[in-house]
Amino acid sequence: MANPGDGGRRPRRTRWREAAVTATAFTLCLLGGVVQVDDTLAPPPPAAYLIAAASCAVLPVRHRAPLAALAATTAAGVLVPPLGLLLSPPIMAPAVIAAYAYALHARSERRAAAVVSLAAAVLLLAATPWFEDMSWQDASRMASVAAFPLVAGVLGYSAHNRRAYLAAVEERAMRAEKSRESEARRRVGEERLRIARELHDLVAHQITLANAQATVAAHLFDSRPEQTRKSLTELVRTTSDALDDLRATVGLLRQSGDAAEPAEPAPGLSRLPTLLESFGRAGLKVSLEQEGTARQLPPGVDLTAYRIVQEALTNVTKHAGTGSARVRLVWNRDTLTLTVADDGGGARTGPAATASERAPGYGLIGMRERATAVGGRLTAGSRPEGGFLVSTELPLPAARNRAHGAGDGGGAEGEETARTEGTGEAQ
């Protein structure tokens, strides 16, 4: 036979439980019929079997129609005294069970209390006229008859509150799990975007330099072999640097169980001279000018400034059609203004023109996203006097002490105003 599984066992257990509850209530009803009105014991009369059968018949539907079950069992209890039976707690067992079920499924505490109290009051009033001379035993029996449904109602509503609390806890746990999953997906997306930016920046920079050096070597191969050899040597160095940068960036994607490798620190403005030198080897003469008191930059802002300069100069090499560019850093009190300008006409000529005339990429979009991510802003466009200008404003940490401002510098020298110019070697 096939295994029914949990879905088959659970209804079977429910049926056995309902049968046990109904049988227990039927037995208690018959035991209640044993005690006669004159406090003597006798076998249950037929009326006791009738009351037990009628009141227990509605118990299986108490979960689907709790109010109807409570009303039916209460009505059966009202018929107990007219049939010559003693209204006692055992004979009211079905009404007690129905009161518990109604309070368990009630929508509000006030409604549950009102309905159960009404049922208890009806049972109490039904028993009162049949006692002419009430003794203390009769009074205690009547009080217990009214109290048992009330106690069952309190217990049922307590179970109702516990179920609601457990359901709320489970729902909060599910919402928290969904929130953690969505947060994890968001962080994964942000990390993928960050890695994509890093790969774009370093690949675009290095491949552009390698393309320029290879183009120069091909153009001068026949006429100036020495210059060609020098360009090829620089090409080897550029491609080697590109491989190192790619290895370091792709290393971020390694699994947690892989062997750890020493990682280089993220580049910043301290590596700006090396960056300008690499463009100089590719034939782009870059002048660097700094103004103001330099300060230590947060890692994110430092990396953003470096990448924007790198991408802007890469675009100059690819598209400007000029051999020179200018980088200017202005250190203000709370902002760093970074500009990259060229005097090109926007189209390259010569042997590199065909290789570089491609559809525009995501360089400007990436630079703007980087600036926005650290709280800055970037503008780019053509200059009225010719050429192209990329201007960025990045937030700076507040200067702690002007007297020590130069000591916190990120590459510039001087206490009030530092102005330096660096020129890459033209090829």
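Residues numbered from 1 in each chain as written. Predicted model: local features only at pLDDT ≥ 70, side-chain atom pairs only at ≥ 80, totals over all residues. Heavy atoms only, no water.

Trainee: Honestly, the overall build of the chain in this entry has me stumped. Any pointers?
Mentor: Per the secondary structure count, the chain includes 11 helices and five strands. Out of the 427 residues belonging to the chain, those deemed buried represent 38%. Across the chain, the fraction of contacts at a sequence separation of at least 24, relative to all contacts at a separation of at least 6, is 74%. Total accessible area on the chain stands at roughly 24,600 Å², and carbon and sulfur atoms take up 59% of it. (Helix = DSSP H or I, 4+ residues; strand = E, 2+ residues; numbered from the N terminus. Buried < 20%, exposed > 50% of the residue type's maximum accessible area, 1.4 Å probe, protein only. Contact = heavy atoms within 4.5 Å. Areas by Shrake-Rupley, 256 points an atom, 1.4 Å probe, with all protein chains shown as cover.)

Trainee: Explain the environment of G321 here, please?
Mentor: Counting through the fold element by element, G321 comes out in the loop between α9 (299-320) and β2 (324-331). Expressed as a C-alpha distance, the spacing of G321 and D343, which sit 22 residues apart in the sequence, is 8.6 Å.

Trainee: Please clarify how a nonpolar patch on the surface should be interpreted in this entry.
Mentor: A cluster of nonpolar side chains, contributed by L50, L79 and L83, occupies part of the molecular surface with about 280 Å² of accessible area. For L50, a relative accessible area of 52% gives the class exposed. (Patch = residues over 30% accessible without salt bridge, like charges linked within 9 Å, V, L, I, M, F, W, Y side chains within 5 Å. Salt bridge = Lys/Arg side-chain N within 4 Å of Asp/Glu carboxyl O.)

Trainee: Help me understand the nonpolar core, please; the structure alone is not making it clear to me.
Mentor: Considering soluble globular proteins, one finds that nonpolar side chains tend to be buried as a cluster. L269, L272, L313 and W331 are the most contacted members of the largest nonpolar core, which has 35 residues in total. Among the secondary structure elements, those contributing two or more residues to this core are α6 (136-219), α8 (272-281), β1 (285-291), α9, β2, β3 (335-342), α11 (363-373) and β5 (388-395). The next biggest cluster of nonpolar side chains, apart from the first, holds 14 residues, and it includes A52, V80, L85 and L123. (Core = buried A, V, L, I, M, F, W, Y, C linked by side-chain atoms within 4.5 Å.)

Trainee: Mind showing me how you'd approach the packing of α8 against α9 here?
Mentor: Two numbers describe a pair of packed helices, the interaxial angle and the distance between the axes. In the contact formed by α8 and α9, the axes pass within 11 Å of each other and the chain directions differ by 10°. Judged on the interaxial angle alone, α9 and α8 are roughly parallel. Contacts between α8 and α9 involve L272, L275, L276 and F279 on the former and, on the latter, Y306, V309, Q310, L313, T314 and T317. Residue composition of the contact of α8 with α9, by class: seven nonpolar, three polar and no charged. (Axes fitted to C-alpha atoms, helices over the stretch in contact; angles between N-to-C directions. Parallel < 35°, antiparallel > 145°, perpendicular 65-115°, else oblique. Nonpolar A, V, L, I, M, F, W, Y, C, P; charged D, E, K, R; others polar.)

Trainee: In this structure, what is going on with helix α4 (residues 93-105)? I would like to understand it.
Mentor: One turn of an α-helix holds 3.6 residues; hence residues three or four places apart share an orientation. Helix length check: α4 (13 residues) gives 19 Å between terminal C-alpha atoms against 18 Å at 1.5 Å per residue, within 8%. Across the 13 residues that make up α4, a large majority, 10, are buried. Turning to α4, its buried residues number three or more, namely A93, P94, A95, V96, A98, A99, A101, Y102, A103 and L104. (Expected span 1.5 Å × (residues − 1).)

Trainee: Even after reading the chapter, I still don't get the sheet that holds β2, so can you show me in this structure?
Mentor: Sheet strands line up and pair through hydrogen bonds in the backbone, either parallel or antiparallel. Taking strand neighbours across the sheet as the criterion, the five strands line up as β1-β2-β3-β5-β4 in an open arrangement whose pairing is mixed. Here the strands that pair on one side only, and so sit at the sheet edges, are β1 and β4 (377-382). Sheet twist, expressed as the average angle between the axes of neighbouring strands with direction ignored, equals 10°. The strands that α11 touches are β4 and β5; relative to β4, the one it contacts most, it runs at about 150°. (Pairing = 2+ DSSP bridges.)

Trainee: It is not clear to me how the pattern of salt bridges should be interpreted in this structure. Could you clarify?
Mentor: Opposite charge on two side chains allows them to pair when their charged atoms are near. Throughout the structure, instances matching the rule amount to 12 salt bridges. Notably, a salt bridge pairs R62 with E18, separated by 2.9 Å at the nearest N-O pair. Taken together, the positions of R62 in the loop between α2 (46-57) and α3 (66-78) and E18 in helix α1 (residues 5-34) put the pair 44 residues apart, joining distant regions of the chain. A single burial state applies to R62 and to E18, both of which are buried. Ionic pairing is found between E393 and R377, a salt bridge with its closest N-O pair at 3.5 Å. Within this pair, whereas E393 is found in strand β5, its partner R377 is found in strand β4, the two being separated by 16 residues in sequence. E393 gets classed as partly exposed once you look at its relative accessible area, which sits at 30%. What emerges from the salt-bridge pattern is a single network uniting R326, D343, R383 and E385.

Trainee: Can you walk me through the side chain of S88 in this structure?
Mentor: With respect to the element layout, S88 can be found in the loop between α3 and α4. Overall, S88 belongs to the buried group, its relative accessible area being 8%. Each residue touching S88, except ones within four places of it in the same chain, is listed here: G32, R141 and V145.

Trainee: Would you explain the environment of G283 in this entry?
Mentor: For G283, the position within the fold is in the loop between α8 and β1. Along the sequence, G283 and S324 sit 41 residues apart, while their C-alpha atoms lie 8.6 Å from each other.

Trainee: What should I look at first to understand the pairing of β3 in this one?
Mentor: Within a regular strand, the side chains alternate between the two sheet faces. Where burial is concerned, most of β3 is hidden: seven out of the eight residues are buried. Bridge count between β2 and β3: seven bridges; the pairing is antiparallel. Looking at the pairing, W331 lines up with L336 of β3. Between the antiparallel neighbours β2 and β3 lie three residues. Summarising the sheet, β3 and β5 pair through eight bridges and their orientation is antiparallel. Opposite L338, over in β5, you have T392 as the bridge partner.

Trainee: Can you help me understand the packing of α9 against α11 in this one?
Mentor: At a closest axis distance of 10 Å, the pairing of α9 and α11 adopts a crossing angle of 165°. As judged from the angle between their axes, α9 and α11 are roughly antiparallel. At the point where α9 passes α11, the crossing takes the left-handed sense. Note on element contacts: α11 touches α9 through G363, M367, R370 and A371, opposite L303, T304, R307, I308, E311, A312 and N315. Grouping the amino acids of the contact of α9 with α11 by side-chain chemistry returns five nonpolar, three polar and three charged. (Left-handed = near helix turned anticlockwise from the far one by under 90°.)

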